[in-house]
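# Breakdown of the fold
Here are the chains, one letter per residue:
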Amino acid sequence: MSLFASRAPRSVRTDDPLVVMRRFCVAMFLAGAANGLPGALWIQRSSSARRGLGILCVLYLTVGLVNLVARPRRRLLETSVFAGIGMLSVMVSIADPLDLATFFYLWPMVYFAYYSTVRKTIGAYVWMAVTLAVALAVNPHIVSKAGVFSDTVMTVGLMTTLVAVMTKQQSSLRANLAVAAETDPLTGLLNRRSFDPLLDALIAEAVDLDRPLSVVMFDLDHFKRLNDSHGHQTGDRALQATAAVLREQSREYDLVSRFGGEEFAVALPSATTADARAYTERVAHALALLRIEDGLTVSTSAGISSLTAEREPAATLLARADDALYAAKEGGRCRQASWDGEIVVGPRFGPTIDLDVPRAPPAHSTPREIGLR
Ligand code: GH3
Ligand code: MG
Ligand code: MG
């Protein structure tokens, strides 16, 4: 694999971390060259130091321009920053006076702490400390070598650690936000936003491997009445308990989502329509056994749709499942309907409590949570 990016489109995404890394790296080398220039021209006392610094400035400028034009990939970019640390140490070894040259180790180290792994950052730090020690040892002009060394490694070490810790916090915050964006907060299931693209991927896989795939849409029956008669909190608990049943009855690689409100969608890879019907029966049976509160149960209607031979979009499969669900509702609720060329409505599921029957007010003193994970 090439270490350089291909000369592709001019419109580069600026949120691409590699692009930002490259820009920072280019800026660091060019600024290093510009910064060394006054030293090379006037500040350094001996002509050999001026000449050495001049060569280093040219090197910094060259590496900066190569990084700008050749657009290297991450590994080569990191190697150039390692080289930059070494070049800085060469500068320290010839400088007279030293001024604040060691202060510049902060640039590459902050770069590593922010963009690279902990291992590479530690590696860069050790490389910096060793090359600095050698540079100070060989420079005949520096008086307080131990002081310069300890001040530098401590300051750079503290700053690098701080940036590395803040970077880690930032990335775990980003990961938590990503999970929150994909998950329904009430039930912990996938939300619709994350379900749709995952279903598209499962469809593509099923077509490629020539395997069946089915989708079941569940919609709790007369849920509004349950909310009205038992309160919204009880309704929430019923949704959580339903989610727990769906999780329990599903396999590890099934996709279980809260599609919205009191609707749930489950994708069953490798499942034929017959498999999906058996699964739906199991879910309905487990739901019938649930007691949300004393004597209170929920029932569901379900619509099943299976993949045809074509690579159809998730939206098509879901629309067919939704049509079947509508037919199940029309057919009397608490039953499933499946689309298999045409919609077939099944008989009523096993024993359930009819929510049409008026219910006693909720027993708020002893709410019983069941089946929650
Ligand atoms: P059907 O059998 O035809 O599906 O009737 P239904 O009452 O279940 O359907 P409808 O669409 O009329 O009502 C859905 C209800 O679901 C209305 C809404 O208040 C309730 N609901 C939606 N989201 C939540 C939620 O997060 N918590 C609670 N407790 N209720 C919710
Ligand atoms: Mg609904
Ligand atoms: Mg409903």
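Before reading further, recall that the structure is shown in the block above.
Treat the numbers as computed from the prediction; the structure is a model and nothing was measured.

Reading the values: the criteria
Residues numbered from 1 in each chain as written. Chains lettered and ligands numbered in written order. Predicted model: local features only at pLDDT ≥ 70, side-chain atom pairs only at ≥ 80, totals over all residues. Heavy atoms only, no water. Phe/Tyr/Trp six-rings, centres within 6.5 Å; stacked < 30°, edge-to-face > 60°. Helix = DSSP H or I, 4+ residues; strand = E, 2+ residues; numbered from the N terminus. Buried < 20%, exposed > 50% of the residue type's maximum accessible area, 1.4 Å probe, protein only. Lys NZ or Arg CZ within 6 Å of the ring centre and 35° of its normal. Core = buried A, V, L, I, M, F, W, Y, C linked by side-chain atoms within 4.5 Å. Contact = heavy atoms within 4.5 Å. Donors = N, O, S within 2.8 Å, 3.2 Å for Na, K, Ca; no water.

Enumeration over the complete set of coordinates arrives at eleven aromatic pairs. Geometrically, the ring pair formed by Phe29 and Tyr60 is tilted, given 5.8 Å between the ring centres and 45° between the ring planes. Of this pair, Phe29 sits in helix α1 (residues 17–43) while Tyr60 sits in helix α2 (residues 47–70), and the two are 31 residues apart along the sequence. Like Tyr60, Phe29 is buried. An angle of 75° between the planes, with centres 5.1 Å apart, marks the rings of Phe82 and Phe112 as edge-to-face. Here Phe112 lies in helix α4 (residues 106–115) and Phe82 lies in helix α3 (residues 74–94), a separation of 30 residues in the sequence. An aromatic cluster is built from Phe24, Phe82, Tyr111, Phe112, Tyr114 and Tyr115, whose rings are joined through pairwise contacts. Geometry around Trp339 places Arg320 over its ring, the cationic atom sitting 4.1 Å from the centre.

What follows deals with unusual backbone geometry. Between Asp96 and the following residue, Pro97, the backbone shows a cis peptide bond with an omega angle of 10°. Inspection of the secondary structure assignment puts Pro97 in the loop between α3 and α4. Here Asp99, not a glycine, exhibits a phi torsion of approximately 50°, which is positive. Counting through the fold element by element, Asp99 comes out in the loop between α3 and α4. The backbone of Arg333 sits at a positive phi, close to 65°, despite the residue not being glycine.

Let us look at the nonpolar core. Grouped together as the largest cluster of nonpolar side chains are 36 residues, with contacts concentrated most on Ile85, Val92, Leu98, Tyr105, Tyr111, Met128 and Leu136. Counting only elements with at least two residues in this core, the list comes to α1, α2, α3, α4, α5 (118–138) and α6 (145–182). Once you skip the residues sitting within four places of it in the chain, Tyr111 turns out to touch Met21, Phe24, Cys25, Met28, Leu77, Val81 and Ser116. Among the nonpolar cores identified, the runner-up in size contains 28 residues, and Ala238, Val245, Leu287 and Leu290 belong to it.

What follows covers the coordination of the magnesium ion (ligand 2). Coordination of the magnesium ion (ligand 2) by the protein comes from Asp219 (OD), Glu262 (OE) and Glu263 (OE), over a distance range of 2.3 to 2.7 Å. For the magnesium ion (ligand 2), all donor residues lie on one chain, and their spacing in sequence is D-x42-E-E. Between the magnesium ion (ligand 2) and the magnesium ion (ligand 3), the interatomic distance is 3.7 Å, and Asp219 donates to each metal, bridging them. Assessed through its relative accessible area of 18%, Glu262 is described here as buried.

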